[in-house]
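# An overview of the molecular structure
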Amino acid sequence: MKFFIDTANLDQIREAMDLGILDGVTTNPSLMAKEGIRGDENIRRHYVEICQIVEGDVSAEVIATDFEGMIREGEALAALHPQIVVKIPMIKDGVKAIKYLSSKGIKTNCTLVFSAGQAILAAKAGATYVSPFIGRLDDISTEGVELVAQIVDIYRYYDFETQVLAASIRHTMHIIQCAEAGADVVTCPLQPILGLLNHPLTDSGLEKFLADHKKA
Ligand code: G3P
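Below is a short write-up of the structure. (Residues numbered from 1 in each chain as written. Predicted model: local features only at pLDDT ≥ 70, side-chain atom pairs only at ≥ 80, totals over all residues. Heavy atoms only, no water.)

## Description of the site of the ligand
Around the ligand, the surrounding shell consists of Asp6, Asn28, Phe133, Arg136, Ala167, Ser168 and Arg170. For the ligand, an oxygen atom lies 2.8 Å from a polar atom in the side chain of Arg170. With the chains in place, 81% of the 310 Å² that the ligand exposes on its own is no longer accessible. The residue makeup of the shell around the ligand, split by class, is two nonpolar, two polar and three charged. (Near = heavy atom within 4 Å. Polar contact = N/O pair within 3.5 Å; in protein donor to acceptor, adjacent residues only side chain to side chain. Areas by Shrake-Rupley, 256 points an atom, 1.4 Å probe, with all protein chains shown as cover. Nonpolar A, V, L, I, M, F, W, Y, C, P; charged D, E, K, R; others polar.)

## Structural notes on the pairing of strand β5 (residues 108–113)
Here β5 lies mainly inside the structure; five of its six residues are buried. Pairing of strand β4 (residues 84–89) with β5, which is carried by four bridges, proceeds in the parallel orientation. By the bridge assignment for β5, Lys87 is matched with Asn109. With helix α5 (residues 92–103) bridging β4 and the parallel β5, this β-α-β connection has right-handed handedness. With three bridges joining them, β5 and strand β6 (residues 129–132) adopt parallel strand pairing. Residue pairing in the sheet places Cys110 in a bridge with Val130 of β6. (Buried < 20%, exposed > 50% of the residue type's maximum accessible area, 1.4 Å probe, protein only. Helix = DSSP H or I, 4+ residues; strand = E, 2+ residues; numbered from the N terminus. Pairing = 2+ DSSP bridges. Right-handed = clockwise from strand over helix to strand, strands pointing away.)

## Quick word on the pattern of salt bridges
When their charged atoms lie close together, side chains carrying opposite charge are able to pair. As enumerated under the stated definition, the model contains seven salt bridges in all. Note that Lys107 and Asp57 form a salt bridge whose closest N and O atoms lie 2.7 Å from each other. With a gap of 50 residues between them, Lys107 in the loop between α5 and β5 and Asp57 in strand β3 (residues 57–61) connect regions that are remote in the sequence. Ionic pairing is found between Lys96 and Asp93, a salt bridge with its closest N-O pair at 3.9 Å. Pair noted here: Lys96 and Asp93 are both in helix α5, with a separation of three residues, about one helical turn. (Salt bridge = Lys/Arg side-chain N within 4 Å of Asp/Glu carboxyl O.)

## Some details on helix α3 (residues 40–53)
Helical periodicity: at 3.6 residues per turn, an α-helix aligns residues three or four positions apart in one direction. Counted at 1.5 Å a residue, the expected span for α3 with its 14 residues is 20 Å, and the 20 Å between its end C-alpha atoms agrees. Buried residues belonging to α3 abut α1 (10–19), β2 (24–26), α2 (29–34), β3, α4 (67–80) and β4. (Expected span 1.5 Å × (residues − 1). Contact = heavy atoms within 4.5 Å.)

## Here we look at the sheet that holds β3
What holds strands together in a sheet is hydrogen bonding between their backbones, with the strands either parallel or antiparallel. The parallel closed barrel is built from eight strands, whose spatial order is β1-β2-β3-β4-β5-β6-β7-β8. The mean angle between the axes of side-by-side strands here comes to 30°, regardless of whether they run parallel or antiparallel. Here strand β1 (residues 2–6) pairs with strand β8 (residues 185–188) via four bridges, running parallel. Within β8, the position partnered with Lys2 by the bridge is Val185. The sheet strands contacting α3 are β2, β3 and β4, and the helix crosses β3 at an angle near 165°. (Axes fitted to C-alpha atoms, helices over the stretch in contact; angles between N-to-C directions.)

Structural data, given as structure tokens:
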């Protein structure tokens, strides 16, 4: 399972990279705005900076919602850096844009996916990644992880090459549940990733080992 970090914060991306477990980055317009990145030029520069920190795929989302606009933006984003993956929303024109961009060899990430039907369309259109949002489904009393498992099953059945990228991860258990469900990728904020490190028996065990070593 690949680990992507879901942030536009360069320090957090560097910290995850330093840990040695980072395979890529996802961003969205909300995450870019949270870092105060505004204006086309600054946004483009920021994506390139992220690509220079990490080695893997970096998802950059289009703002347009019409086919022509998404194609234009998608091609411009893809031209920024070979690591850029164009993130396209799961809407009718989005499906058409994914089909078009993937036929041109441009990697895509179909975002805002909340059902198996939407995931089937994304795969049929040739998306590189499909992003089911599990936290937002949990928010409306629907088991988000079940959707991840359902998509994984369907894709395996038909040998779809689209990778299941579990998104909207809110806590450490989500990561473990996505691993159990067979997600290809999880994208999460830094804290849930760091949460995987924690176990009180590790801490007390280490404390005892060091105390015994001092006594010896
Ligand atoms: O990758 C999508 C993610 O950023 C959405 O997360 O927590 O806003 O639902 P959240």
